[in-house]
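Residue-level structure breakdown
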Amino acid sequence: MNALASNASVSTAYHPRQGGHGQVLRIENFSLWYGSQQALYEVSLDIERGLVTALIGPSGCGKSTLLRSLNRMNDLVDGVRTSGRILFDGRDIHAPGTDVIELRKRMGMVFQKPNPFPMSIFDNVCYALRVDGVRKRAVLEEVVEKSLRAAALWDEVKDRLEDNALALSGGQQQRLCIARAIANEPEVLLMDEPCSALDPIATAKIEELIDRLAGRFTIVIVTHNMQQAARVSHNTAFMYLGRLIEYGDTETVFTVPRVEQTQEYITGRFG
């Protein structure tokens, strides 16, 4: 085992800056296995309400696995088992009787590649409301406009709401997916590499959008782009080989990291 791997064998729970926001998620000694393969090792960290938390690290380090654990998306994978706890507003999300559908409503998800449904822009945004039984056109119209405005897309699509969403550009599709994710007013917005399939101009728009949504939502974003993490996040967690190596406010992690592995990754010595 190389020095990085051996040094990473002990994960320390670093607490982010104290901004008076209070934690919305607490991860306590959380481990996860895909069958016999362990993907996460006793990860512990607090995620602050209303702030943007970035998960960084090389490919295969467990970032997306951790993100998908927050709303139990990993339950959809055969052979997954976990230990430890994830507390959402103080309640264990794995406790018996947990309503997983309700949990996912409270945590909107935006995936790596835009995935609009093959239907109109309007129907994409209000899809979840219709599933919940909302039928009043006035209510749906209000939510659609509010969500598209929040996603900085309204001015571009307000005259074409009945057009197929698949006709939008890649960047517009991703902002539409964000509008769809926030239409139900979730408390947390999970974003898994939301800009990886986008060009620099579309990426800049998504980053501006994240900045505007912060405060209204707690945002957790997985990104391979360290510059992006530095631009958009308040707190940053660096992961390696399924372990949390360092966690703290973004400025500290990027300028005066506590752990040598963090410094080596940020300066490009590995990853």
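Residues numbered from 1 in each chain as written. Predicted model: local features only at pLDDT ≥ 70, side-chain atom pairs only at ≥ 80, totals over all residues. Heavy atoms only, no water.

Quick look at the sheet that holds strand β2 (residues 37–48) now. Taken in spatial order, the four strands of this open sheet run β2-β1-β4-β5, and their pairing is antiparallel. Unpaired on one side and paired on the other, β2 and β5 (91–92) mark the two borders of the sheet. Both strand β1 (residues 23–34) and strand β4 (residues 80–88) contribute to a ladder of eight bridges, which runs antiparallel. Each bridged residue has a counterpart across the sheet, and for tyrosine 34 the counterpart in β4 is valine 80. Docked against the sheet, helix α2 (residues 63–70) engages β1, β2 and β4, running at close to 120 degrees with respect to β1. (Pairing = 2+ DSSP bridges. Helix = DSSP H or I, 4+ residues; strand = E, 2+ residues; numbered from the N terminus. Contact = heavy atoms within 4.5 Å. Axes fitted to C-alpha atoms, helices over the stretch in contact; angles between N-to-C directions.)

In this section: the pattern of salt bridges. Under the defined criterion, the tally for this structure stands at 19 salt bridges. Measuring nitrogen to oxygen at the nearest pair gives 2.8 Å for the salt bridge that ties lysine 105 to aspartate 132. Of this pair, lysine 105 sits in helix α3 (residues 100–105) while aspartate 132 sits in the loop between α5 (127–131) and α6 (137–150), and the two are 27 residues apart along the sequence. Classification of aspartate 132 by relative accessible area gives partly exposed; the value is 42%. The shortest N-O distance in the salt bridge between glutamate 162 and arginine 137 comes to 3.7 Å. Highlighted residues: glutamate 162 in the loop between α7 (154–157) and α8 (170–182) and arginine 137 in helix α6, separated in sequence by 25 residues. For glutamate 162, a relative accessible area of 52% translates into the label exposed. (Salt bridge = Lys/Arg side-chain N within 4 Å of Asp/Glu carboxyl O. Buried < 20%, exposed > 50% of the residue type's maximum accessible area, 1.4 Å probe, protein only.)

A few words now on the sheet that holds strand β10 (residues 243–249). Strand order in this open sheet of six strands is β6-β7-β8-β3-β9-β10, and the pairing throughout is mixed. Bordering the open sheet on either side are β6 (107–110) and β10, each of which pairs with just one other strand. Strand-to-strand twist of the sheet, defined as the mean angle between neighbouring strand axes without regard to direction, takes the value 15 degrees. Pairing of strand β9 (residues 235–240) with β10 involves six bridges; the strand directions are antiparallel. Residue pairing across strands places threonine 236 opposite glycine 248, the latter belonging to β10. In this fold α2 packs onto β3 (52–56), β6, β7 (188–192), β8 (218–222) and β9, with an angle of close to 150 degrees to the strand it touches most, β7. Relative to β6, α8 is tilted by about 165 degrees, and along the sheet it contacts β6 and β7.

Right, let's get into the packing of α6 against α8. At a minimum axis distance of 8 Å, the contact between α6 and α8 shows a crossing angle of 130 degrees. Taken together, the axis directions place α6 and α8 in an arrangement best described as oblique. Note that α6 runs across α8; the crossing there is right-handed. On the side of α6, the interface is formed by Ser147, Leu148 and Ala150, while α8 contributes Leu176, Ala179 and Ile182. When grouped by side-chain class, the residues that make up the contact of α6 with α8 number five nonpolar, one polar and no charged. (Parallel < 35°, antiparallel > 145°, perpendicular 65-115°, else oblique. Left-handed = near helix turned anticlockwise from the far one by under 90°. Nonpolar A, V, L, I, M, F, W, Y, C, P; charged D, E, K, R; others polar.)

A separate point is the pairing of β10. Counting buried residues along β10, seven of its seven residues qualify, which places the element largely inside the surrounding structure. The turn linking β9 back onto β10 is made up of two residues, and leucine 241 within it adopts a positive phi angle of 55 degrees.

What follows concerns unusual backbone geometry. With a phi angle near 45 degrees, asparagine 29 is a residue other than glycine that sits in the positive phi range. For asparagine 29, the location among the structural elements is in strand β1. Notably, glutamate 185 is not glycine yet its phi reads approximately 55 degrees, a positive angle.

Of all hydrophobic cores here, the largest spans 51 residues; its most connected members are Leu148, Leu189 and Leu213. Sequence-distant contacts of leucine 213, defined by excluding residues within four places in its chain, comprise Ala150, Ile178, Ile182, Leu189 and Ile219. One finds Ile27, Leu40, Leu67 and Met107 within the second-largest nonpolar core, a separate group that totals 29 residues. (Core = buried A, V, L, I, M, F, W, Y, C linked by side-chain atoms within 4.5 Å.)

Both β4 and β5 contribute to a ladder of two bridges, which runs antiparallel. Residue pairing across strands places leucine 87 opposite aspartate 92, the latter belonging to β5. What sits between the antiparallel neighbours β4 and β5 is a turn of two residues, in which aspartate 89 has the positive phi angle 50 degrees.

Counting all residues, the mean pLDDT for the chain is 91, and 92% of those residues have values of 70 or more. For the stretch residues 1–20, pLDDT sits under 50, and the model shows 42 contacts to residues farther than four places along the chain or on other chains. (pLDDT = per-residue confidence, 0-100.)

A few words now on α2. Counting buried positions over the eight residues of α2 gives six, a clear majority of the element. Of the residues flanking the end of α2, it is arginine 72, one or two places downstream, whose phi is positive at about 60 degrees.

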